[in-house]
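# Architecture at a glance
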Amino acid sequence: MKLVHTLEDLRAALQPYDSPAFVPTMGNLHAGHLDLVRTAKPLGDVTVASIFVNRLQFAPHEDFDTYPRTLQADCDKLATEGCDLVFAPSEKDLYPEPQGFKVQPPSELADILEGHFRPGFFVGVSTVVMKLFQCVFSQAKGPRYAVFGKKDYQQQMVIRRMVQQFALPVTVIGAETQRAPDGLALSSRNGYLNETEREEAVQLSLALRALARDALAAADGLPAHREGLETRAMHALAARGWQPDYLTVRRRVDLQPPTAQDAVTAQSLVVLGAARLGTTRLIDNFEV
Ligand code: PAF
């Protein structure tokens, strides 16, 4: 496996290949990331992972400075999974001058849910992903694949919409969320939890599963009862000491609330949630 830091070295390393399969990450890799690499491997003629903690997607009060940087351990794990090439640029490599051009995703998709609680987050994500696609795919002649985890459900939708609206020659593949044996979605931020919090953390996924059950049980009454069910789910989590940002039932197609015109079927909905446990903010979701 080759590790490169500069765009020049990345392009030189990609020269012999036609069809990269790409996994963008911010490092501090866990089994969920490695599953993305396994998904990517059969798709292209070279498997590329990037490791870059992207300042643009962090608000000033968020954990950019403390986000774990574990390059050597990450490279060891990627090598074990058979990743071919790791692109780990420094900030100067990726943003040699302040990134004035930004990708502005559509408000109705990017200013709700995560975007509401983390203003600017999806501008930062879209901008870096557009740039990373440019770095990794610009010389490719064959199919180009990029793999994203469904744990970041809204992020994946934003990226898909970006690819579609900019007619980028990239196929986005969604990989299922990987979970710990108790059901907690794997996340780099789980590492911030202390022992007691780690035991409690699975309650977010349990609350979302209960909300999904309630949503299906409400059937055609869901549009009328949705807010009540969501409030009840958030109160239940808050009673356990969490600070929920949202627990909500949405249409899979556009993440808007289901309306009376929508037939409520098992395939049409997704439940999504974000909540803080102590100082750690966790997110999770389930397709209903
Ligand atoms: O999901 C992530 O780790 C990041 O948001 C991504 C896609 C690597 C962009 O920085």
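Here's a quick rundown of the structure. (Residues numbered from 1 in each chain as written. Predicted model: local features only at pLDDT ≥ 70, side-chain atom pairs only at ≥ 80, totals over all residues. Heavy atoms only, no water.)

It is worth spelling out the site of the ligand at this point. Neighbouring residues of the ligand: Pro24, Thr25, Met26, Asn54, Gln57, Val125, Val128, Phe148 and Gln155. One of the side-chain N or O atoms of glutamine 155 is found 2.8 Å from an oxygen atom in the ligand. Considering the ligand on its own, with 290 Å² of exposed area, one finds that the protein chains cover 89% of that surface. Sorting the residues of the shell around the ligand by element identifies strand E2 (20-25) and helix H7 (121-137) as the ones contributing at least two each. (Near = heavy atom within 4 Å. Polar contact = N/O pair within 3.5 Å; in protein donor to acceptor, adjacent residues only side chain to side chain. Areas by Shrake-Rupley, 256 points an atom, 1.4 Å probe, with all protein chains shown as cover. Helix = DSSP H or I, 4+ residues; strand = E, 2+ residues; numbered from the N terminus.)

Before going further, it helps to spend a moment on the sheet that holds strand E7 (residues 243-251). Read across the sheet, three strands follow the order E7-E8-E9 without closing on themselves; strand pairing throughout is antiparallel. In this open sheet, the two edge strands, each paired with only one partner strand, are E7 and strand E9 (280-287). For this sheet, the mean inter-axis angle between neighbouring strands, taken without regard to orientation, is 10°. In this sheet, E9 lies alongside strand E8 (residues 269-277) in antiparallel orientation, the contact comprising eight bridges. Counted as the bridge partner of alanine 274 is isoleucine 283 from E9. (Pairing = 2+ DSSP bridges. Axes fitted to C-alpha atoms, helices over the stretch in contact; angles between N-to-C directions.)

On to the sheet that holds strand E3 (residues 46-51). The six strands lie next to each other as E1-E4-E3-E2-E5-E6, forming an open sheet whose pairing is parallel. Each edge of the sheet is formed by a strand with only one pairing partner; in this case those strands are strand E1 (2-4) and strand E6 (171-175). Strand after strand, the sheet turns through a mean of 25° between neighbouring axes, direction not considered. By the bridge criterion, five bridges tie strand E5 (residues 145-149) to E6 in an arrangement that is parallel. Bridge pairing in E6 places valine 147 opposite isoleucine 173. Contacts between helix H1 (residues 7-14) and the sheet are confined to E1, E2, E3 and strand E4 (85-87), with E4 contributing the most and set at about 160° to the helix. The strands that helix H8 (residues 153-165) touches are E5 and E6; relative to E6, the one it contacts most, it runs at about 165°. (Contact = heavy atoms within 4.5 Å.)

Here we come to the side chain of lysine 151. Secondary-structure assignment places lysine 151 in the loop between E5 and H8. One buried charged residue, lysine 151, forms no salt bridge at all, with the nearest opposite charge on aspartate 152 at 4.4 Å. Aside from chain neighbours lying at most four places away, what touches lysine 151 is Thr177, Ala185, Leu186, Ser187, Ile283 and Asn285. (Buried < 20%, exposed > 50% of the residue type's maximum accessible area, 1.4 Å probe, protein only. Lys, Arg positive; Asp, Glu negative; His and termini not counted. Salt bridge = Lys/Arg side-chain N within 4 Å of Asp/Glu carboxyl O.)

Counting residues in each nonpolar core, the largest one holds 45 residues, and the members touching the most others are Leu10, Leu94, Val129, Phe133, Ile159 and Leu255. At the level of secondary structure, the elements contributing two or more residues to this core comprise H1, E3, E4, helix H5 (107-110), H7, E5, H8 and E8. The leading source of residues in this core is H7, at 11 residues. Apart from the residues within four sequence positions on either side, leucine 255 is in contact with Leu109, Ile112, Leu113, Tyr153, Gln154, Met157, Arg250, Val270 and Leu272. Counting residues in hydrophobic clusters, the runner-up holds 24 residues, among them Leu184, Val271, Leu277 and Leu282. (Core = buried A, V, L, I, M, F, W, Y, C linked by side-chain atoms within 4.5 Å.)

Summed over all chains, the structure comprises 20 salt bridges. Ionic pairing is found between arginine 226 and glutamate 230, a salt bridge with its closest N-O pair at 2.9 Å. Of the two residues, arginine 226 and glutamate 230 are both situated in helix H11 (residues 222-239); the distance of four residues between them amounts to about one turn of the helix. For the residue pair arginine 226 and glutamate 230, the accessibility class agrees, reading buried in each case. Through salt bridges with shared partners, a single ionic network connects Lys150, Glu176, Arg252 and Glu287.

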